[in-house]
Amino acid sequence: LRRPAILERLAALDRATLAFIGVLIVTTWLRIEALRLNPLGLYFDEAQYWMWSRTLEWGYFTKPPLVAWVIAATTTLFGDAEWAVRLGAVLAHAVAASAVFALGRAMYGAWPGFWAGLGWLLLPGVFLSTSIISTDAVLLPLWAVALFAMWRMTTTRAWTWAVVLGAAVGFGLLAKYAMAYFFVCTALAAWWMPPVRQALAQGRGLLATAIALALLAPNVWWNIQNGFATARHTADNARFNAADMFNLDEVTEFLTGQFAVVGPLVFLVLIWLVWRAARRWPGMQDQDKYLFAYILPPFAFITLIAFISRANANWAAVAYPAIVVWITGALFSTRGGRRVLGAATAINLALGVAAMAIALDPDISNRFKGVRTARLWEETARQIAVRAVAQPGEPPFTAVMVDDRTAYFEFSYYWRHARRAGTPLPPLRMWRLYADARNSAEATDPMREAEGGRVLVVHMRSDYLPYVAGDFTVFRTVEHLTVPLGGGYSRELEISVGEGFAPAPRDAAFMRRLREQQGDD
């Protein structure tokens, strides 16, 4: 009885599988080393997730909880240096690549599976995603596992895969609500393919759904208790505006962004595959129909969002696992296709290596605003800490107040060692422009009147300075601080001291004044 099981396991460890395992181990190790060498400090959203990870909850102001849980796990094991905060992203993409390999192998064979897994590891977007911790990084492995589990349930009808599917979807929803696309994609696959309908029948689909919803339920309860904060923020991201709902430029930007995320040749092949599918649909294989079902809804919906509002290139990221497997399976079947596949892989590798080289050179990378915003926050935080400690003969500050959430989360992270060492830093607080909280910092640590006796105010938004001044009885600007970032760029901050914090009413007159200034700007 044992022999067939042993032989089955040995057969699974064929040359393609061993080759993939070797590539996965080497790539993962190199990426962990790259994290250690990365000169960039945490981006503000990474610092925000780190701060959330200090207190584990079932939800947070702008995101579901899984990204904070992952950071809590990696920093508990390895400390809270930047590389450890980001470590979960590297490990998550190793899992995603493994699931993509397994799906490619199950659909098209061992070597197509190898090339699919390798293709995932070398996507330009994955090169970027493994260098930062994000909700996409923790979502994508769960989507890829769910995609594989759904296919295995389709081909085997095994209840075990229904359990795996439900768990992957449930945890995926705790990573990012974009996991909900999986329900729409599965419905489309079931409409197109009788085997999918049969796999979901007899209670298997209900079991998977029940497990997913059970895992999501605590987050739903958290949202109910907190005014649906995360759900409202997710809906607000689209920023629908009835006066501006026809944005061909946004659609073009979203679609061209896919060239950068999946690679130029990969995206061109995808366009060809979609065109071929439209022409040959009745004769398409089940594998192709299945994968296309998990590509079309996210792309169609996000393209529509871009047309009526805006959309970031990564919003369709859940389609990428199916894209990689579909393209690999289609190209591997012919000699010419294998040449194209090799060329696409080489191009993506070159793009990824070039991007890493650029990131290590501040003179070049600082030309990109998104990169330079992460530079030298440790030095910036040190400069503010020096000014926040009471000087001889001066009364102590009762708080340090910032007017931008970036500064709030960066200072929170980079003051961690000073606070643990007992440095007498005042509490860090966030100024509110509006009466209600618009971000996590404003919700958890708003400036309080009880702490407003003598406040060191750090301005990143000079246009807010008159409104900040109006919230104090006594207010004076004392210093302009410049932090050189390299490459001719610098971070400019204004330092003020306010006494007697008594925020002006955020009434109709205040809002009218604010709208008038913003209109002038």
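Structure first, text after, so check above.
Presented here is an overview of the structure given in this document. (Residues numbered from 1 in each chain as written. Predicted model: local features only at pLDDT ≥ 70, side-chain atom pairs only at ≥ 80, totals over all residues. Heavy atoms only, no water.)

**Thoughts on the overall build of the protein**
Going by this rule: In this text, helices come from DSSP runs of H or I with a minimum length of four residues, and strands from runs of E with a minimum of two, each type numbered from the N-terminal end. In this description the radius of gyration comes from C-alpha coordinates, and the expected globular size is given by 2.2 Å times residues to the power 0.38. The buried label goes to any residue with under 20% of its type's maximum accessible area, the exposed label to any with over 50%, and the partly exposed label to all in between, with areas taken from a 1.4 Å probe on protein chains only. Only heavy atoms enter the contact rule, under which two residues are in contact if any of them lie within 4.5 Å. Computed by Shrake-Rupley with a 1.4 Å probe, the accessible areas treat only the displayed protein chains as cover when residues are assessed. Positive charges come from Lys and Arg, negative ones from Asp and Glu, while His and the chain ends are left out of the count. Throughout, a charge is located at the NZ atom of Lys, the CZ atom of Arg, the CG atom of Asp or the CD atom of Glu.
Secondary structure summary: the protein contains 27 helices and five strands in total. Taken over the C-alpha trace, the protein has a radius of gyration of 26 Å; the compact-globule value for 521 residues is 24 Å, and the two agree within 12%. By the burial criterion, 50% of the 521 residues in the protein qualify as buried. Taking all contacts inside the protein whose residues are at least 6 apart in sequence as the whole, residues at least 24 apart take part in 76%. Accessible surface, the protein: about 23700 Å² in total, of which carbon and sulfur atoms supply 63%. Of the charged side chains in the protein, 47 are positive and 39 negative; the average position of the first set lies 13 Å away from that of the second.

**As for the packing of aromatic side chains**
Where we set the bar: Pairing of aromatic side chains here covers Phe, Tyr and the six-membered ring of Trp, requires ring centres within 6.5 Å, and sorts the geometry by plane angle: under 30 degrees stacked, over 60 edge-to-face, intermediate tilted. Lysine NZ or arginine CZ positioned within 6 Å of the ring centre and within 35 degrees of the ring normal marks a charge as sitting over the ring.
One pass over the full model with this rule turns up 28 aromatic pairs. Where Phe78 meets Trp83, the ring centres are 5.7 Å apart and the plane angle is 50°; that geometry is what we call tilted. Judged by relative accessible area, which is 15%, Trp83 ranks as buried. Between Phe114 and Trp115, the aromatic rings sit 5.6 Å apart at their centres with planes inclined by 90°, giving edge-to-face as the arrangement. Overall, Phe114 belongs to the buried group, its relative accessible area being 9%. A relative accessible area of 25% places Trp115 in the partly exposed class. Ring-pair connections join several aromatic residues into one group, and the members of that group are Trp143, Trp151, Phe182, Tyr290 and Tyr294. Here Arg454 stacks its cationic end above the ring of Phe397, 4.2 Å away from the centre of that ring. Above the face of the Trp377 ring, Arg491 is positioned so that its terminal group lies 3.9 Å from the ring centre.

**What to know about the packing of helix H16 (residues 286-293) against helix H18 (residues 320-332)**
Quick reminder of the rule: Comment: axis = line fitted to C-alpha atoms, over the contacting stretch for helices; angle = value between 0 and 180 degrees taken between N-to-C directions. Convention used here: angles under 35 degrees read as roughly parallel, angles over 145 as roughly antiparallel, angles from 65 to 115 as roughly perpendicular, and any remaining angle as oblique. Crossings are sorted by hand: turned counterclockwise from the far helix by less than a right angle, the near helix makes the crossing left-handed, and turned clockwise it makes it right-handed.
Between H16 and H18, the least distance of the axes is 8 Å, while the angle of their chain directions is 155°. Relative to H18, H16 is oriented roughly antiparallel. When you trace H16 past H18, the crossing you get is left-handed. Between H16 and H18, the contacting residues are Asp288, Leu291 and Phe292 on the first element and Ala322, Val325 and Trp326 on the second.

**What to know about the pairing of strand S1 (residues 399-402)**
Rule in force here: Here, a strand pair is defined by DSSP locating no fewer than two bridges between the strands.
Residues Ala399 and Met401 point to one face of S1 and Val400 and Val402 to the other, with burial holding for every one of them. By the bridge criterion, four bridges tie S1 to strand S3 (residues 454-459) in an arrangement that is parallel. Bridge pairing in S3 places Met401 opposite Val457. Judged from the three bridges that link them, S1 and strand S2 (residues 428-430) form a sheet pairing that is parallel. In the sheet register, Met401 faces S2, and the bridge partner there is Arg429.

**Notes on unusual backbone geometry**
Phi at Gln202 takes a positive value of approximately 60°, unusual for a residue other than glycine. Judged by relative accessible area, which is 67%, Gln202 ranks as exposed. Despite not being glycine, Leu376 has its phi angle at roughly 60°, a positive value. Along the polypeptide, Leu376 turns up in the loop between helix H21 (369-372) and helix H22 (377-388).

**Topic: the side chain of Arg204**
As a reminder, the rule being used: Any Lys or Arg side-chain nitrogen located within 4 Å of an Asp or Glu carboxyl oxygen qualifies as a salt bridge. In protein, a polar contact means a hydrogen-donor-capable atom and an acceptor-capable atom, both N or O and within 3.5 Å, with residues adjacent in sequence counting only if both atoms are side-chain atoms; elsewhere, any N or O pair within 3.5 Å suffices.
Note that Arg204 resides in helix H12 (residues 204-225). No salt bridge is formed by the buried Arg204, whose closest oppositely charged neighbour, Asp286, lies at an N-O distance of 15 Å. Among the polar contacts listed, one links the side chain of Arg204 to the backbone oxygen of Arg157, at a separation of 3.3 Å. The contact partners of Arg204, leaving out residues within four places of it in the chain, are Met153, Arg157, Ala158, Trp159, Ala162, Gln198 and Ala199.

**Regarding the pattern of salt bridges**
If you walk through the whole model with that rule in mind, you get 15 salt bridges. For the salt bridge of Glu379 with Arg382, the shortest nitrogen-to-oxygen distance reads 2.9 Å. Of this pair, Glu379 and Arg382 are both found in helix H22, three residues apart, which corresponds to roughly one turn of the helix. Among the salt bridges present, the one from Arg429 reaches Glu451, with a minimum N-O distance of 2.7 Å. Taken together, the residues span a long stretch of sequence, with Arg429 in strand S2 and Glu451 in the loop between helix H25 (440-444) and S3 at a distance of 22 residues. In terms of burial, Arg429 and Glu451 fall into one category: buried. Bridged by salt links that share partners, the residues Arg429, Asp445, Arg448 and Glu451 form one connected network.

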